[in-house]
Amino acid sequence: MPTPALPCPCGLPAAYPECCGRFHSGAGRAPTAERLMRSRFSAFAVGDAAYLMRSWHSSTRPDRLDLEPGQRWERLEILATERGGMFETEGAVEFRAHYREGGHTGSLHEHSAFSREDGAWVYVGPLSPVDFD
């Protein structure tokens, strides 16, 4: 778990408890598709599989999610956003997520679909093939 004084893993300058931590704990909801994407990256970074499952659309959510214990998600780049605002119901976010596993570094590039389910933003899935670098 990140130290409260350190910036959130999502890349925004706020500390984790005030940024993505409040979404992970259930104290708040991501107001936009981009913020949900950032909070999901942070959930990978801190190992919060329960939040990842809660923030996944019911029609595409897997039965279970096993995070790789040796994989460390280190940095997120938001490349583009389409719709997904506070008053919209669908959106898309293109991102590159950088990770380290053992002595190897890599990145995941995805263009993802998001929608609202029961009023909350959720991850639907990739819009195009996922690219691991």
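Residues numbered from 1 in each chain as written. Predicted model: local features only at pLDDT ≥ 70, side-chain atom pairs only at ≥ 80, totals over all residues. Heavy atoms only, no water.

Engineer: How do you make sense of the overall build of the chain when you look at a structure like this?
Structural biologist: Of regular secondary structure, the chain possesses three helices and five strands. Secondary structure elements of the chain, listed N to C terminal, follow the sequence α-α-α-β-β-β-β-β. For the chain, whose C-alpha radius of gyration is 14 Å, the value lies close to the compact-globule estimate of 14 Å for 133 residues. Overall, the chain is about 40 × 35 × 30 Å in size when its C-alpha atoms are taken along their principal axes. In the chain, which comprises 133 residues, the proportion classed as buried is 43%. Accessible surface, the chain as shown: approximately 7,100 Å² in total, 53% of it carbon and sulfur. With 14 positive and 18 negative side-chain charges, the chain shows a spacing of 5 Å between the two charge centroids. (Helix = DSSP H or I, 4+ residues; strand = E, 2+ residues; numbered from the N terminus. Rg over C-alpha atoms; globule rule 2.2 N^0.38 Å. Buried < 20%, exposed > 50% of the residue type's maximum accessible area, 1.4 Å probe, protein only. Areas by Shrake-Rupley, 256 points an atom, 1.4 Å probe, with all protein chains shown as cover. Lys, Arg positive; Asp, Glu negative; His and termini not counted. Charge placed at Lys NZ, Arg CZ, Asp CG, Glu CD.)

Engineer: Before we go on, may I ask you to explain the packing of aromatic side chains in this structure?
Structural biologist: Geometrically, a pair of aromatic rings is defined through the distance of the ring centres and the angle of the planes. All told, the structure shown has five aromatic pairs when counted by the stated rule. Measuring from centroid to centroid gives 5.4 Å for tryptophan 56 and tyrosine 123, while their planes differ by 75°, and the two rings are edge-to-face. Remark: tyrosine 123 occurs in strand S4 (residues 120-126) and tryptophan 56 occurs in the loop between helix H3 (49-54) and strand S1 (71-83); sequence separation between them is 67 residues. You can call tyrosine 123 buried: its relative accessible area is 10%. (Phe/Tyr/Trp six-rings, centres within 6.5 Å; stacked < 30°, edge-to-face > 60°.)

Engineer: Sorry, what's going on with the UniProt feature "domain: YchJ-like middle NTF2-like" (unreviewed entry) in the chain here?
Structural biologist: According to UniProt, the "domain: YchJ-like middle NTF2-like" (unreviewed entry) feature falls on residues 32-124. Secondary structure over residues 32-124 splits into 22% helix and 47% strand, and the C-alpha atoms at its two ends are 14 Å apart. (UniProt positions renumbered as here; feature names shortened; annotations may be inferred.)

Engineer: Would you explain the side chain of histidine 109 in this entry?
Structural biologist: Mapped onto the elements of the fold, histidine 109 is located in strand S3 (residues 104-117). With relative accessibility at 18%, the residue histidine 109 sits in the buried group. When neighbours within four sequence positions are excluded, histidine 109 is seen to be in contact with Leu79, Glu94, Phe95, Arg96, Val130 and Asp131. (Contact = heavy atoms within 4.5 Å.)

Engineer: Would you explain the nonpolar core in this entry?
Structural biologist: As a rule of thumb, soluble globular proteins bury nonpolar side chains together. In terms of nonpolar packing, the biggest core is built from 20 residues, with Met37 and Phe114 touching the most fellow members. Going through the elements one at a time, helix H2 (33-46), H3, S1, strand S2 (90-101), S3 and S4 are the ones with two or more residues in this core. For this core, the element with the most residues is H2, which contributes five residues. Filtering out sequence-adjacent residues up to four positions away, phenylalanine 114 remains in contact with Ala33, Leu36, Met37, Thr89, Glu90, Gly91, Ala92, Val93, Trp121, Val122, Tyr123 and Val124. By size, the runner-up hydrophobic cluster in this structure holds five residues, among which are Cys8, Cys10, Cys19 and Cys20. (Core = buried A, V, L, I, M, F, W, Y, C linked by side-chain atoms within 4.5 Å.)

Engineer: When you look at the side chain of glutamate 117 in this model, what are you seeing that I'm missing?
Structural biologist: Within the element layout of this structure, glutamate 117 appears in strand S3. Among the polar contacts listed, one links the side chain of glutamate 117 to the side chain of serine 58, at a separation of 2.5 Å. For glutamate 117, the residues in contact, after removing those within four places along its chain, are Trp56, His57, Ser58, Arg61 and Val122. (Polar contact = N/O pair within 3.5 Å; in protein donor to acceptor, adjacent residues only side chain to side chain.)

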